[in-house]
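Residue-level listing of the chains:
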Amino acid sequence: MASIEGLLGPEGDNKSRTLNPYVTGTSVIGIKYKDGILMAADMGGSYGSTLRYKSVERMKPIGKHSLLGASGEISDFQEILRYLDELILYDNMWDDGNSLGPKEIHNYLTRVMYNRRNKFNPLWNSLVLGGVKNGQKYLGTVSMLGVHFEDDHVATGFGNHLARPILRDEWKEDLSFEDGVKLLEKCMLVLLYRDRSAINKLQIAKITEEGVTISQPYSLKTFWGFSAFQDPTKGAQGSW
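Residues numbered from 1 in each chain as written. Predicted model: local features only at pLDDT ≥ 70, side-chain atom pairs only at ≥ 80, totals over all residues. Heavy atoms only, no water.

Caption draft 1: Main features of the packing of aromatic side chains. On inspection of all chains with the given rule, the structure shows 5 aromatic pairs. Ring centres 6.3 Å apart and planes at 85° place the aromatic pair Tyr193 and Phe226 in the edge-to-face group. Remark: Phe226 occurs in the segment after strand 13 (211-214) and Tyr193 occurs in helix 6 (residues 177-194); sequence separation between them is 33 residues. Under the relative-accessibility criterion, Phe226 is labelled partly exposed at 40%. Connected via pairs of aromatic rings, a cluster forms that spans Tyr193, Phe223, Trp224 and Phe226. We note Lys206 situated over the ring of Phe177; from NZ or CZ to the ring centre the distance is 4.9 Å. (Phe/Tyr/Trp six-rings, centres within 6.5 Å; stacked < 30°, edge-to-face > 60°. Helix = DSSP H or I, 4+ residues; strand = E, 2+ residues; numbered from the N terminus. Buried < 20%, exposed > 50% of the residue type's maximum accessible area, 1.4 Å probe, protein only. Lys NZ or Arg CZ within 6 Å of the ring centre and 35° of its normal.)

Caption draft 2: The arrangement of unusual backbone geometry in detail. Phi angles above zero are rare outside glycine, and Asp95 is one such case at about 50°. Within the secondary structure layout, Asp95 lies in the loop between helix 2 (74-94) and helix 3 (102-118). Backbone geometry at Phe120 places phi at a positive 55°, although glycine is not the residue there. Mapped onto the elements, Phe120 comes out in the loop between helix 3 and strand 8 (125-133).

So this is what it looks like as structure tokens:
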């Protein structure tokens, strides 16, 4: 039987492991639209059940053709970005006129997540990867266990349960940019009402052949006067 010193390593200090997530972000939603990919995420970072940070950017451009969004542990997302920076740098060093597309990045992330899961040292994230290369739109997701798939619309976290039913009903292949943004805002509003970790400060990002654009943070117009939101002990004017 291995001694405790052997388990801790030669220096006797435990290697860092994300055994439990600490600061986490909630849902990310991605959809295809007429010209490319749209993605939305709010900017909350929750420390347990406490909404600790309100300016966490969880969508980042990757290389020339891809856009990555993440829910889950923020520090693990930063580690994934470090891996991807090294991957893109290594690819650029070949200087062969080619560059990694979204399908290659998605496959790479799938192997990374599955590899870390098999080592019982998972990266505690669910990822949405979208992009456009050579006119081909690509949108996929991968979980912290390495479970992955492609679709016309994807979501992580509560968005998988609350936003995707809306997307199944209202998404269509020839969505304009404006209609795509309205659809994402509708989904984010439902999440704001129903997900305790969601906040009313979000960004929407798009990626086309021309590149990535991430909006400035903004808020949605909300209405809390619905009878279901009222405190029945205080009548119709319950304080919310």
